[in-house]
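Structural description and commentary
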Amino acid sequence: MLEIQGLSAFYGRAQALFDVSLRAEKGEIIAVIGANGAGKSTLFDSVLGLTKTTGAVRLEGQDLTGQGSSEIVRRGVGYAPERFNLFPYMTVRDNLLVGAYTARGDIETNLEMVHALFPRLAERAGQETSTQSGGERQMVSLGRALMGSPRLLLVDEPTIGLAPKVCDEIAVVLRRLRDEFGLTVVIAEQNANFALSLASRVYVLESGRITAEGTAESLAKDEALAAAYFGH
Amino acid sequence: MLQILIQGLLLSGLYALIAMGFTLIFSVGRVLNLAYGAYLLIGGYAYFYFSQQLGLPKIAGVMLAGVLGCVLGLLKYQLLVKRVQGVHSAVEIATLILAVVLQSAVVLIFGDSSKILLPIVPGVERVASAAIPYSNLVATIISWAILIGLYFFVRLTHTGRAMQAVSMDAKGAAISGIDANRINMITWGISGTLGAIGGVFFASYTQLYPGMWVAPLIIAVAVVIVGGIGSIIGTLVVAHIVGFMEIIVSSWNPELRGVFTMLLIILVLVLRPRGLFGREEIH
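Just so you know, these numbers come straight off a predicted model, no measurement behind them. (Residues numbered from 1 in each chain as written. Chains lettered and ligands numbered in written order. Predicted model: local features only at pLDDT ≥ 70, side-chain atom pairs only at ≥ 80, totals over all residues. Heavy atoms only, no water.)

1. Concerning the sheet that holds strand E6 (residues 77-80) of chain A
Residues and elements named next belong to chain A. Applicable threshold: When DSSP finds two or more bridges between a pair of strands, those strands are recorded as paired. The numbering of helices and of strands both runs from the N terminus, where a helix is a DSSP run of H or I of at least 4 residues and a strand a run of E of at least 2. Whenever a helix is involved, its axis is fitted only over the stretch in contact; in every case the axis is a line through C-alpha atoms, and angles between N-to-C directions fall within 0 to 180 degrees.
Judged by pairing direction, the sheet is mixed, and its six strands sit side by side in the order E6-E7-E8-E3-E9-E10 without closing on themselves. Two strands in the sheet have a free side with no partner beyond their single neighbour: E6 and strand E10 (209-215). Put simply, the sheet's adjacent strands are angled 15 degrees from each other on average, direction ignored.

Structure (structure tokens):
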């Protein structure tokens, strides 16, 4: 469904990703784990065409490299970035409507789906996002990405700074998106336990390189990795 | 008293229209468009050329001025702003030079003597002791209609929301599938149109001459600084403060007309650097 091959990314002359390859099948949740600065956000930005890259990114066989981000979103990539990048002085509802910019025919259905997944967003529809809590912003961010009718959803650090209860809520939603809506989900996480609880397969990203990959079970058994990322 | 009220309202509506085109560009494109005055200049002369020299209907003259302003805005974005984007001082200096070049072009084509524009709608209405030219009344009504339309356009349409989105978070807009380039084009086009139509009205309010763009540019900067960049409501309110202040001051001593506007700018810059309604995003 998503296939990344030999992707390198650059900020000016500085190289941030080195020959990264990964894939995700339709209806699968995979995770990219790594420390701060390992390149997880760069990887997602690169899929959206926001960095200079070499290598290939394919979505359902179609090459996305060289396309502008608006075209990539139109082809079915939704992105909930780490810092949310919401529109602070717009209401929750307007933030969601901006997310529907490329999928205007689906507004009713998508809005219904987002409100069903996050009932709080329906209650807070008229509130400006600048006045919301981190958890609510994460919901708006995910909701905005879903308003674009994505088939692939990229979620960067879904649990960062959130209370455990909210993390559980987010996890439930991500599973529902996979199981009920057939979405492919890629999450980037520092919180490896959260990642392993959701993902069927995991990639470890270190200093811009993939250093390990495997099923969640096999990686959990790797002692060196466990020491580095799982805190035991 | 009634005279001051009416004249204040008429002038303020016009100032609001002029300032709005300026604030849109700053808010969406983050460009302090010092050549904004050029749209007013081109608008005024285009109206003069089409309506008074070619003898087209006056409403056609206003619309053609608006179209020309729009084209000018698009060209400026495509040929200049887009290419030096990111270097704000370069954009600002380049646009200011462009305004001076356009002023010289106007002098070459039309000469540097000032011209009287015939009223868009002839006639005068007397209310108490006040004489209100229909022209000014029409200008204010059209300005208000445009501003109300713009407000709802920005709030309620996909394109308008996208303009807000780009002004608030460029990355957030990009990952929502918004092509910032396209939104910038639309914004520059709207800004040019507002400026040119504002120029027609401003020239018929005062007079048409090659240096006419400077005073309204200063007004626009003042309204935007005092109102808080990007605020549609703030722009409206402050346009009325500045407009009424000018009318009141000039009823007392016309020489001091602009001085109080400048004092207000300085006062606000010192006390509230972000303006009375301050933030930089359109809302």
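So, next bit.
2. Some points on the nonpolar core
Which entries qualify depends on this criterion: To form a nonpolar core, buried Ala, Val, Leu, Ile, Met, Phe, Trp, Tyr and Cys residues must be joined to one another through side-chain atoms within 4.5 Å. For every residue, the accessible area obtained with a 1.4 Å probe (protein chains only) is divided by the maximum for its type, and the residue is called buried under 20%, exposed over 50%, and partly exposed between those limits. By the convention used here, residues are in contact when the closest approach between their heavy atoms is within 4.5 Å.
Grouped together as the largest cluster of nonpolar side chains are 77 residues, with contacts concentrated most on Tyr36, Ile178, Ile183, Leu194 and Phe201 of chain B. Broken down by element, this core gets its largest block of residues, twelve residues, from helix H1 (residues 2-29) of chain B. Residues within four places of phenylalanine 201 of chain B in sequence aside, it is in contact with Leu14, Leu17, Ile120, Ala139, Ile142 and Ser143 of chain B. Of all hydrophobic cores here, the second largest spans 47 residues; its members include Leu96, Leu97, Leu117 and Leu142 of chain A.

3. Topic: the environment of glutamine 53 of chain B
Residues and elements named next belong to chain B. Residue placement: glutamine 53 occurs in helix H2 (residues 36-53). Judged by its relative accessible area of 46%, glutamine 53 falls in the partly exposed class. In this structure, the C-alpha to C-alpha distance between glutamine 53 and glycine 172, residues 119 residues apart in sequence, is 49 Å. Ignoring any residue separated from it by four or fewer positions in sequence, one finds glutamine 53 in contact with Phe48 and Phe110.

4. Quick notes on the packing of aromatic side chains
In plain terms, the rule: Each Phe, Tyr or Trp ring, with Trp reduced to its six-membered ring, pairs with another whose centre is within 6.5 Å; inter-plane angles below 30 degrees give stacked pairs, above 60 give edge-to-face pairs, and intermediate values give tilted ones. Each ring is checked for a lysine NZ or an arginine CZ that lies within 6 Å of its centre and within 35 degrees of its normal; such an atom marks a charge sitting over the ring.
Considering all chains together, one arrives at ten aromatic pairs over all chains under this definition. Consider the rings of tyrosine 36 of chain B and tyrosine 39 of chain B, whose centres lie 5.6 Å apart with planes at 90 degrees: the pair is edge-to-face. Of this pair, tyrosine 36 of chain B and tyrosine 39 of chain B both sit in helix H2, separated by three residues, roughly a single helical turn. As far as burial versus exposure is concerned, tyrosine 36 of chain B and tyrosine 39 of chain B are alike and both buried. Through a chain of ring-to-ring contacts, three or more aromatic side chains come together here, namely Tyr45, Phe48, Tyr49, Phe50 and Phe110 of chain B. The ring of tyrosine 101 of chain A has arginine 104 of chain A lying over it, and the distance from NZ or CZ to the ring centre is 4.7 Å. Across from the ring centre of phenylalanine 18 of chain A, 4.0 Å away, lies the NZ or CZ of arginine 209 of chain A, which sits over that ring.

5. Focus: the interface of chain B and chain A
Threshold: Buried area: the accessible area, evaluated with a 1.4 Å probe, that two parts lose upon being put together, summed over both parts. Salt bridge, as used here, is a side-chain nitrogen of Lys or Arg placed within 4 Å of a carboxyl oxygen of Asp or Glu.
In this complex, chain B contributes 21 residues to the contact, which on the side of chain A involves 25 residues. Taken together, the two surfaces of chain B and chain A that pack against each other cover about 2,000 Å², and 63% of this comes from carbon and sulfur. At the junction of chain B and chain A, the tally comes to one salt bridge. Of the charged contacts, one joins aspartate 45 of chain A and lysine 171 of chain B as a salt bridge, the two residues approaching to 3.0 Å between their closest N and O atoms.

6. Some points on the environment of glycine 73 of chain B
All names here are of chain B. If you trace the backbone, glycine 73 turns up in helix H3 (residues 58-81). Assessed through its relative accessible area of 0%, glycine 73 is described here as buried. C-alpha of glycine 73 to C-alpha of tyrosine 36: the two residues are 37 residues apart in sequence and 9.0 Å apart in space. In contact with glycine 73, not counting residues within four places along its chain, are Tyr39 and Trp188.

7. Re helix H11 (residues 259-271) of chain B
Residue and element names in this part refer to chain B. For clarity, the cut-off: For a helix, the expected span equals 1.5 Å multiplied by the number of residues minus one. Working definition: the arc comes from the directions between the helix axis and the C-beta atoms, pointing outward to the latter.
With 13 residues, H11 should reach 18 Å at 1.5 Å per residue; the first-to-last C-alpha distance of 18 Å fits that figure. Restricting attention to buried positions, one finds in H11 the residues Thr261, Leu264, Ile265 and Val268. Looking down the long axis of H11, one finds its buried residues gathered within 100 degrees of arc, a one-sided arrangement. Exposed side chains of H11 directed beyond 90 degrees from the buried face belong to Ile266, Leu267, Val270 and Leu271. Residues of H11 that are buried sit in contact with helix H9 (214-227) and helix H10 (232-252).

8. Quick word on the side chain of threonine 159 of chain B
Residue position: threonine 159 of chain B is located in helix H6 (residues 158-168). In contact with threonine 159 of chain B, other than residues within four places in its own chain, are Phe153, Ile183 and Ile186 of chain B.

9. Quick look at the packing of H3 of chain B against helix H4 (residues 88-110) of chain B
All names here are of chain B. Quick reminder of the rule: Put simply, angles under 35 degrees are roughly parallel, angles over 145 are roughly antiparallel, angles from 65 to 115 are roughly perpendicular, and the rest are oblique. In a left-handed crossing the near helix is turned counterclockwise from the far helix by less than a right angle, and in a right-handed crossing that turn is clockwise. Under this grouping Gly is polar, as are all residues other than the nonpolar Ala, Val, Leu, Ile, Met, Phe, Trp, Tyr, Cys and Pro and the charged Asp, Glu, Lys and Arg.
Running from N to C, H3 and H4 cross one another at 130 degrees; their axes reach a closest spacing of 11 Å. Taken together, the axis directions place H3 and H4 in an arrangement best described as oblique. The way H3 lies across H4 gives a crossing that is right-handed. Residue-level contacts link Leu72, Lys76, Leu80 and Val81 of H3 to Val91, Ala94, Thr95, Leu98 and Leu102 of H4. Residue composition of the contact of H3 with H4, by class: seven nonpolar, one polar and one charged.

10. Regarding the pairing of strand E1 (residues 124-127) of chain B
Residues and elements named next belong to chain B. As defined by bridge partners, E1 adjoins strand E2 (residues 130-133) across four bridges and the pair is classed as antiparallel. Directly across from arginine 126, in E2, lies its bridge partner alanine 131. Between E1 and E2, which pair antiparallel in sequence order, lie two residues; one of them, alanine 128, sits at a positive phi of approximately 50 degrees.

11. Side note on unusual backbone geometry
All names here are of chain A. Here the phi dihedral of glutamate 60 falls at roughly 50 degrees; this positive angle occurs in a residue that is not glycine. Along the chain, the position of glutamate 60 falls in the loop between strand E4 (52-59) and strand E5 (62-63). Notably, asparagine 85 is not glycine yet its phi reads approximately 50 degrees, a positive angle. Tracing the sequence through the fold places asparagine 85 in the loop between E6 and helix H3 (92-99). Classification of asparagine 85 by relative accessible area gives buried; the value is 13%.

12. Quick look at the UniProt feature "transmembrane region" (unreviewed entry) in chain B
Residue and element names in this part refer to chain B. For clarity, the cut-off: UniProt positions are given in the numbering used here, feature names are shortened, and annotations may be inferred rather than shown by experiment.
As recorded in UniProt, the feature "transmembrane region" (unreviewed entry) lies at residues 6-26, 33-50, 56-75, 87-111, 131-154, 185-205, 217-244 and 256-273. Measuring from the first to the last C-alpha atom of residues 33-50 gives 27 Å, for a span that is 83% helix and 0% strand. Span residues 87-111 is 92% helix and 0% strand, its end C-alpha atoms 35 Å apart.

13. What to know about a nonpolar patch on the surface
All names here are of chain B. What counts, and what does not: Within this analysis, patches are made of residues with over 30% relative accessible area and no salt bridge. Like charges are joined at 9 Å or less; nonpolar side chains (Val, Leu, Ile, Met, Phe, Trp, Tyr) at 5 Å or less. Each accessible area is a Shrake-Rupley result for a 1.4 Å probe, and residues are judged covered by the shown protein chains and nothing else.
Judged by side-chain polarity, Tyr49, Leu54, Leu56 and Leu64 come together as a nonpolar surface patch covering roughly 320 Å² of accessible area. In this structure, tyrosine 49 sits in helix H2. Here tyrosine 49 falls in the partly exposed class, since its relative accessible area comes to 35%.

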